[in-house]
Amino acid sequence: MVEKTLLLASFVAIVLSMCDALPSAIPEGSMQFKSASIKRSRRAGNLEDIPDTQRDCTDPDNPKYPATTILTTERVAALRVEMEKINALAYIVPSEDSHNSEYIASCHKRRPWISGLTGSAGLAIVTHNESAVWTDGRYFLQAEQQLDCGWILMRSGETGTPSQSEWLIDVLPSGTAGDPSKVAFDPTLLSLSTYNSYKDAFEKSGKHIEMYPHEDNLIDIVWTTDRPPCTNEPLMIMDIQWTGQEWWDKVTEVRGKMEEASTDMMVLHALDDTAWFFNLRGADIPYNPVFFAYTIIKKDKTILYIKSVDKLVTNVADVKEHLKQNDQTSVCASAENNNQCLDILEYDDFLDELKTQASGSGINKVWISDSASYGIYDSVDEDKHYAEAVPIRIMKAVKNENEIAGMKEGNIQDAIAKIEFLHWMENAIKNGQYVTELSADAKLVSFRQQQPDFVMPSFGSISAFGPNGAVIHYKSTNETNVQITADDMYLLDSGGQYKCGTTTDTTRTMHFGTPKEAHKQAYTRVMLGAIDLSLCIFPEGTYGRDIDVHARQHLWNHGWNYRHGTGHGLGAMLNVHEGPHRISIGYRPGQAPLEYGMFSSDEPGYYEDNDFGVRLETVFMVVQADTPNNFGDLKYFTFEEVAFVPFEPKLIMYEIMSPEELNWLNDYHQKVREKVGPRLKEKNEDAYDWMIRQTEAVPVPYDSPTDSAQTIFANVILLVTVTVVSIFTSMN
């Protein structure tokens, strides 16, 4: 018996000694942080629970607003006067312009003007006595900072939030068959699919509510002061080195797809579709190198509709030659060169011209994107509609080899600028230099401007320090701008447009002092999600929604999440958000599966309201995976990074990383050295030395990806247990 007791005591001692030696899988302080992370909620209804950075509507007669709030009471009242004139009980104000653009020109920012919410996503509805705005999780905090108390914030995607049609059915009075309740809208701003969703819901409700297209935009009528003019900037020709295909060869390819679909005419309404199609870029929308245009493609000719034909084409020799305007008589008469036959007409004539072209001889089916406006569809006889995504979307998203080379080149140039900036930033903060969110952003632009192909930023940078980093799509202004110090986290999400055919978008989160345990925990779990997504292998036909979980799993394991997608496509010096592929939870119509040549961001994040935010974003490309088998005769894909900016070592908890994840990090940092290092060293040796320090390899303690510390610990305990049991058995 004594011998058994001694053996048990020895066994316990072994286990305890191993526990002491093993690095903790749950870092000290993480449990305390979990309880501390439960933030006060505005929904609690207590006055003290509402931060002074957000609106306080507790007392309707005495609302309290931060400096960021935009008061819109007079604007809404003026809109209701116009609504009454057309007998409308509600008016829909989308974010998009007539091309269904996500990012729009300042002259078209109708929804931000009427609501006060300046985020890129949202939809406002004003009724005869209420007003509401829908937006997604990226802008929940921003909405509380900008909306006045006259607006109801509808948190899209949250349980209990009604759809727009559900809300209208609930709040509008019932009409009659002869006098329905009218919901007015601009037919050029609402897509046909959106229109149909309202129409179907209203018909099912039985309340006699009717969609009413009204050609005169009511916001345009009441927005009479301080409205910026629409621009009409010169066109830029893309080099064939980076496009890889002449525009007339694209005409031939599209006509082949039209023939396969038995269509006679195709309409391009999206600005980036026309820009990519003609290998042209513009500057009519901030950060987006596009120009106002529509395109019609027929079997015998193509028609481009742009603003000020003489200014942009006729009087500009190189553009005129690029578009073959000097040879139209010969090419239009030639069967061999018919793909170069191009008419160029005025933009404002498009809808009238569309009616004429669609009613012409031999036009039986007109291919129109399912995201085009109700106004475009209404210009074509319904029996001629062929409503499907136009092939340009996939042609544009799947980069050819020249475009791939351009995307890689632009990302190298961008990485050089970003590394130079981060090196400068760290030194500036250490030396006590006064740096703010806005001045930091300006400094980064100055580094980008030193790169040979840089044209302009690809979006307004998210330069966010401390609590501002918790606002997912934060935009620093004079009212919110703060100094960046060594006391908190700094999140920088930025990108550039490069004439080698690149749109970049990279995010890094830094800390220039001593980070808290909570910062490190969040940063590491976000980084692990980015790594695991990059490592995943998937068969062809896989959608981004099928693999999004890889990026969230480490956060979910900790009870955390984020309210935005994980990845979006990027254009070839076009829009920073490009479909039809995306990596995000949930089904969305029109998505395409991932395939070779598509580029995407990889950007998980975590945000503590009113405290800090972490996001890490790296652009990668879909490539073919090297697998031992190809089950189902399918191709298998994975990802290859093309953006190379170091991660922040002081924020990484290496002890919770697997060997496979550590190897990925070491490999990535080695690529930063190899791909960016030579040019960076030649340009800025101090920044190069900083990059070398940031990318030091981390020891990988175990060779096998499965031999984590926890696995080895369990195996040793099992071995000891088996040994002890064997001894006991032999003694009996």
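Each chain has its residues counted from 1, running along the sequence as written. Reporting in this predicted model follows two pLDDT cut-offs: at least 70 for local features of residues, and 80 or more for side-chain atom pairs to be given and counted; totals over whole chains, interfaces and linings ignore these cut-offs and use all residues. In computing side-chain properties, one takes all heavy atoms of the structure into account and sets aside hydrogens as well as water.

Considerations on the packing of helix α18 (residues 401–430) against helix α19 (residues 437–448)
Packed helices, taken two at a time, are described by their axes: the angle between them and the distance between them.
And then number 1: Packing of α18 against α19 brings their axes to within 8 Å, and their N-to-C directions diverge by 135 degrees. It follows that α18 is oblique to α19 by the angle criterion. Two packed elements cross with a definite hand, and for α18 against α19 that hand is right-handed. The segment α18 lies against α19, with Asp414, Ala417, Lys418, Glu420, Phe421, Trp424 and Met425 engaging Ala440, Lys443, Leu444, Phe447 and Arg448.
And then number 2: Split by residue class, the contact of α18 with α19 holds 7 nonpolar, no polar and 5 charged. Every axis corresponds to a line fitted to the C-alpha atoms, with the helix fit spanning only the stretch in contact, and the corresponding angles, defined between N-to-C directions, vary from 0 to 180 degrees. For helices the rule is a DSSP run of H or I covering at least 4 residues; for strands it is a run of E covering at least 2, with both sets numbered from the N terminus onward. Throughout, the term roughly parallel applies to angles under 35 degrees, roughly antiparallel to angles over 145, roughly perpendicular to angles from 65 to 115, and oblique to all others. Crossings are classed by handedness, with left-handed meaning an anticlockwise turn of the near helix from the far one by less than a right angle and right-handed meaning a clockwise turn. Two residues form a contact once any of their heavy atoms are found within 4.5 Å. Only Asp, Glu, Lys and Arg are considered charged in this grouping, and only Ala, Val, Leu, Ile, Met, Phe, Trp, Tyr, Cys and Pro are considered nonpolar; every other residue, Gly among them, is considered polar.

A look at the state of the cysteines
Put plainly, two cysteines are in a disulfide when a covalent bond ties their sulfur atoms together.
And then number 1: Sulfur atoms of two cysteines make up a disulfide when they are within 2.5 Å. Summed over the entire model, instances satisfying the criterion amount to 3 disulfides.
And then number 2: Between the sulfur atoms of Cys332 and its disulfide partner Cys341 the distance amounts to 2.1 Å. Across the disulfide from Cys332 to Cys341, rotation about the S-S bond amounts to roughly 95 degrees, and the bridge is consequently right-handed.
And then number 3: Among the cysteines of the protein that take part in disulfides, numbered as they appear in the sequence, the pairing is 1-3, 2-4, 5-6.

Regarding the packing of aromatic side chains
Aromatic rings in a pair are described by how distant their centres are and how their planes are angled relative to each other.
And then number 1: Two aromatic rings from Phe, Tyr or Trp, using only the six-membered ring of Trp, form a pair when their centres are within 6.5 Å; if the ring planes differ by under 30 degrees the pair is stacked, by over 60 it is edge-to-face, and anything between is tilted. Taken as a whole and judged by the stated rule, the model has 25 aromatic pairs.
And then number 2: Aromatic pair Trp247 and Trp248: ring centres 5.5 Å apart, planes at 80 degrees, arrangement edge-to-face.
And then number 3: For the exposure calls, accessible area comes from a 1.4 Å probe over protein chains only, and a residue counts as buried if that area is under 20% of its type's maximum, exposed if over 50%, partly exposed in between. Given the relative accessible area of 0%, Trp247 is considered buried.
And then number 4: For the pair Phe620 and Phe639, a centre-to-centre distance of 3.9 Å together with 5 degrees between the ring planes defines the contact as stacked. You can see Phe620 sitting in strand β27 (residues 618–624) and its partner Phe639 sitting in strand β28 (residues 636–641), a full 19 residues away along the chain.
And then number 5: Here a set of aromatic residues connected by ring pairs shows up, and it is made of Phe292, Tyr294, Tyr305, Tyr347 and Phe350.
And then number 6: For a Lys NZ or an Arg CZ to count as sitting over a ring, it must be within 6 Å of the ring centre and within 35 degrees of the ring normal. The aromatic ring of Tyr562 is capped on one face by Arg552, whose charged end is 3.9 Å from the ring centroid.

Comments concerning the nonpolar core
Soluble, globular proteins show a tendency: their nonpolar side chains are buried together.
And then number 1: Membership of the largest hydrophobic core comes to 77 residues, with the highest contact counts inside it found for Phe421, Met425, Ile484, Tyr490, Met527, Phe639 and Phe647.
And then number 2: Other than its neighbours up to four places away in sequence, Tyr490 contacts Phe421, Met425, Ala440, Ser463, Ala464, Phe465, Ile484, Arg508, Thr509, Met510 and Phe512. Residue types Ala, Val, Leu, Ile, Met, Phe, Trp, Tyr and Cys, when buried and joined through side-chain atoms within 4.5 Å, form a set referred to as a nonpolar core.

What to know about unusual backbone geometry
And then number 1: Cis geometry is adopted by the peptide bond preceding Pro580, which originates at Gly579 and carries an omega value of 10 degrees.
And then number 2: Assignment of secondary structure puts Pro580 in strand β23 (residues 578–583).
And then number 3: In this structure, Asn87 is a non-glycine residue whose phi angle is positive, near 60 degrees.
And then number 4: Of note, Asn87 is situated in the loop between α3 (73–85) and β1 (90–94).
And then number 5: Since its relative accessible area comes to 45%, Asn87 is described here as partly exposed.

A few points about the sheet that holds strand β18 (residues 496–498)
And then number 1: For two strands to pair, DSSP has to find at least two bridges joining them. Read across the open sheet, the 3 strands follow the order β15-β18-β19; overall the sheet is antiparallel. Across the chains shown, the open sheet's two edge strands, defined by having one partner strand only, are β15 (454–457) and β19 (502–503).
And then number 2: Alignment of β18 against β19, held across 2 bridges, turns out to be antiparallel. In the strand pairing of β19, Gln497 is matched with Thr503.

Side note on α19
And then number 1: To estimate the expected span of a helix, count its residues, drop one, and scale the result by 1.5 Å. Counted at 1.5 Å a residue, the expected span for α19 with its 12 residues is 16 Å, and the 17 Å between its end C-alpha atoms agrees.
And then number 2: Every buried residue belonging to α19 is among Glu437, Ala440, Asp441, Leu444, Phe447 and Arg448, and all of these are buried. End-on, the buried residues of α19 take up no more than an arc of 115 degrees, which puts them together on one face.
And then number 3: At its buried positions, α19 is contacted by α18, β15, β16 (462–465), β17 (489–494) and β18. In this description, one arc is meant: the one made by directions from the helix axis to the C-beta atoms.

Examining the side chain of Ser98
And then number 1: Turning to its location among the elements, Ser98 is positioned in the loop between β1 and α4 (110–115).
And then number 2: Whenever a nitrogen or oxygen atom comes within 3.5 Å of another N or O atom, the pair is scored as a polar contact, on the condition that within protein one atom can donate a hydrogen and the other can accept it, and that pairs from neighbouring residues in sequence are kept only if both atoms are in side chains. Here Tyr294 takes part through its side chain, which lies 3.4 Å from a polar atom of the side chain of Ser98.
And then number 3: The residues touching Ser98, leaving out its near neighbours within four places in the chain, are Thr188, Leu189, Tyr294 and Tyr347.

Re the packing of helix α23 (residues 659–683) against helix α24 (residues 685–694)
And then number 1: One can describe the packing of α23 onto α24 by two numbers: an axis separation of 8 Å at closest approach and a directional angle of 165 degrees. The angle between the axes of α23 and α24 places the two elements in the roughly antiparallel class. Judged by the sense of rotation from one axis to the other, the crossing of α23 with α24 is left-handed. Two secondary-structure elements touch here, α23 through His669, Val672, Arg673, Gly677, Leu680, Lys681 and Lys683 and α24 through Glu685, Ala687, Tyr688, Met691, Ile692 and Gln694.
And then number 2: In terms of residue class, the contact of α23 with α24 is built from 6 nonpolar, 3 polar and 4 charged.

Structural notes on the sheet that holds β16
And then number 1: One open sheet holds the 3 strands; their spatial order is β16-β17-β20, and the pairing between them is antiparallel. Of all the strands in the sheet, the pair left with one neighbour each is β16 and β20 (506–511). Strand-to-strand twist in this sheet, taken as the mean axis angle between neighbours without regard to direction, amounts to 10 degrees.
And then number 2: With 6 bridges connecting them, β17 and β20 associate as antiparallel partners. Across the sheet, residue Asp493 finds its bridge partner in β20, namely Thr507.
And then number 3: Helix-sheet contacts for α19 involve β16 and β17, and the interaxial angle to β16 is about 140 degrees.

Some thoughts on a negative patch on the surface
And then number 1: Among the surface-exposed residues, Asp310, Glu346, Asp348, Asp349 and Asp352 lie close enough to one another that they form a single negatively charged patch.
And then number 2: The topology assignment puts Asp310 in helix α12 (residues 309–314).
And then number 3: Relative accessible area serves as the criterion here: at 48%, Asp310 is assigned to the partly exposed category. The residues that make up patches have over 30% relative accessible area and no salt bridge, and they are joined within 9 Å when like-charged or within 5 Å when they are Val, Leu, Ile, Met, Phe, Trp or Tyr. The accessible surface values rely on the Shrake-Rupley method and a 1.4 Å probe; as for residues, cover is taken only from the protein chains in view. Every case where a carboxyl oxygen of Asp or Glu lies within 4 Å of a side-chain nitrogen of Lys or Arg is listed as a salt bridge. Positive charges come from Lys and Arg, negative ones from Asp and Glu, while His and the chain ends are left out of the count. Lysine's charge is taken at NZ, arginine's at CZ, aspartate's at CG and glutamate's at CD.

Regarding a nonpolar patch on the surface
And then number 1: Side chains of Val549, Trp556 and Ile585 sit close together on the surface and give an oily, nonpolar patch of about 250 Å² of accessible area.
And then number 2: Here Trp556 shows up in helix α22 (residues 549–556).

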